[in-house]
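The chain contents come next:
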Amino acid sequence: MIDWTPLAAKLAAQLQIPLHEVRAAPIPGGNINRAFRLEFGAARFFVKLNRIERLSMFVAEEAGLAAIRRSRTIRVPEVYLTGDEGDHACIVMEHIDLAGAPDRDLLARQLAAMHGCFHDRFGFDCDNTIGSTPQINAFTDDWIEFWRQHRLGYQLRLARQNGCDSRLIDSGNRLAENLAPLFDGYRPRPSLLHGDLWSGNQGADDAGNPVIFDPACYFGDHQADLAMMELFGHPGERFFAVYHEHFPIDDGYPLRRDLYNLYHLLNHANLFGGSYAAQSQRLIDHLLAQLH
Ligand code: ADP
């Protein structure tokens, strides 16, 4: 049983609002944390809790949400507080009534605008997590090197530690050492990315505006965000057509989509096992067959 009163009192003092009877209800749908709606008076908050050792995960989530918020392109929840609360690490943000899937055209325009916020290097101010796996964001000038080291390489090293099949590791490393042909004639710029943009991290507010949340932000190839949107579903051809009008998508996208999604499939193999290792292997074989 969680005593919500100290947290509510802290929020009331910070936001200078009166503290009334405190109510909390669990919110389903998260993969990693326990989520709640916390209410007192007219104030409503969205709270995520985890073990105290996971505080840095919430600090990084706050940094990502702040970066997207600063871009003024697409709605993200405003964060009020991140810290330890009793035995828990917590992040408290604005509660948004999420009503179904976002309007595809608006989402396409707003994401294209967010991806139009560039940095001079690939990476991010802090490391974060993808699922519960650490995601390294050390700033790097070269995108291929970034992807090799901090995305594919990181997951392949984890897979080895987890005792994955050596064929998967060896062929994955062979691919990681030969990424250049997949980028023939294509030089991505470091775009602000959400980083974990599957359909479960998107919604719409009650005015119909797209809302994205639970990011794993970094500056990278915009196609990596588009790829993730196709991994466990599809935003629809119309989404891509509208997006393309605002941020042109290079013709080599289908090839790189598979490379970018391999990272997430390997992460799923590392986190959940099951058929994800076999799916990763199929993708590695497919990509290796494209090298010339
Ligand atoms: P986790 O970090 O555990 O994956 P999420 O951040 O994805 O958790 O949040 C879990 C669920 O809570 C989401 O699927 C969504 O339905 C809902 N949610 C996320 N952010 C908010 C918010 N600011 N206000 C209201 N509901 C939210």
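Above this note sits the structure.
Residues numbered from 1 in each chain as written. Predicted model: local features only at pLDDT ≥ 70, side-chain atom pairs only at ≥ 80, totals over all residues. Heavy atoms only, no water.

## Describing the nonpolar core
Piece 1. With 65 residues, the main nonpolar core has Leu 111 and Leu 259 as its most contacted residues.
Piece 2. Looking at this core element by element, the count peaks at 7 residues for helix α8 (residues 253-272).
Piece 3. Composition of this core by domain shows at least three residues from each of domain 1 (5-94) and domain 2 (104-289).
Piece 4. If you look at the next biggest cluster of nonpolar residues, it comprises 15 residues, including Leu 11, Leu 38, Ala 43 and Val 47. (Core = buried A, V, L, I, M, F, W, Y, C linked by side-chain atoms within 4.5 Å. Buried < 20%, exposed > 50% of the residue type's maximum accessible area, 1.4 Å probe, protein only. Helix = DSSP H or I, 4+ residues; strand = E, 2+ residues; numbered from the N terminus. Domains from an automatic or database assignment.)

## Here we look at helix α5 (residues 166-176)
Piece 1. Along α5, the residues classified as buried are Leu 168, Ile 169, Ser 171, Gly 172, Leu 175 and Ala 176.
Piece 2. Buried positions along α5 lie against α4 (143-161), α8 and α9 (276-290). (Contact = heavy atoms within 4.5 Å.)

## Some remarks on the environment of Tyr 263
Piece 1. Mapping Tyr 263 onto the fold places it in helix α8.
Piece 2. Sequence spacing of Tyr 263 and Ser 280 is 17 residues, and the spatial spacing of their C-alpha atoms is 8.6 Å.
Piece 3. In contact with Tyr 263, not counting residues within four places along its chain, are Ile 130, Gln 135, Trp 147, Arg 151, Leu 152 and Gln 155.

## Things to note about the site of the ligand
Piece 1. As a matter of local geometry, the ligand sits amid 18 residues, with Asn 33, Lys 48, Glu 94, Ile 96 and Asp 214 nearest to it.
Piece 2. In this structure, an oxygen atom belonging to the ligand sits 2.7 Å away from a side-chain N or O atom of Lys 48.
Piece 3. Bound to the protein, the ligand loses 89% of the 560 Å² it would expose on its own.
Piece 4. Here the ligand occupies the largest pocket.
Piece 5. Of the residues belonging to the shell around the ligand, the class tally is 8 nonpolar, 7 polar and 3 charged.
Piece 6. When we break the shell around the ligand down by domain, the ones giving at least three residues each are domain 1 (5-94) and domain 2 (104-289). (Near = heavy atom within 4 Å. Polar contact = N/O pair within 3.5 Å; in protein donor to acceptor, adjacent residues only side chain to side chain. Areas by Shrake-Rupley, 256 points an atom, 1.4 Å probe, with all protein chains shown as cover. 1 Å grid on protein atoms, 1.4 Å probe; cavity = no way out; pocket = protein on both sides within 12 Å on 5 of 7 lines; lining within 4 Å. Sits in = over half its atoms within 2 Å of the grid points. Nonpolar A, V, L, I, M, F, W, Y, C, P; charged D, E, K, R; others polar.)

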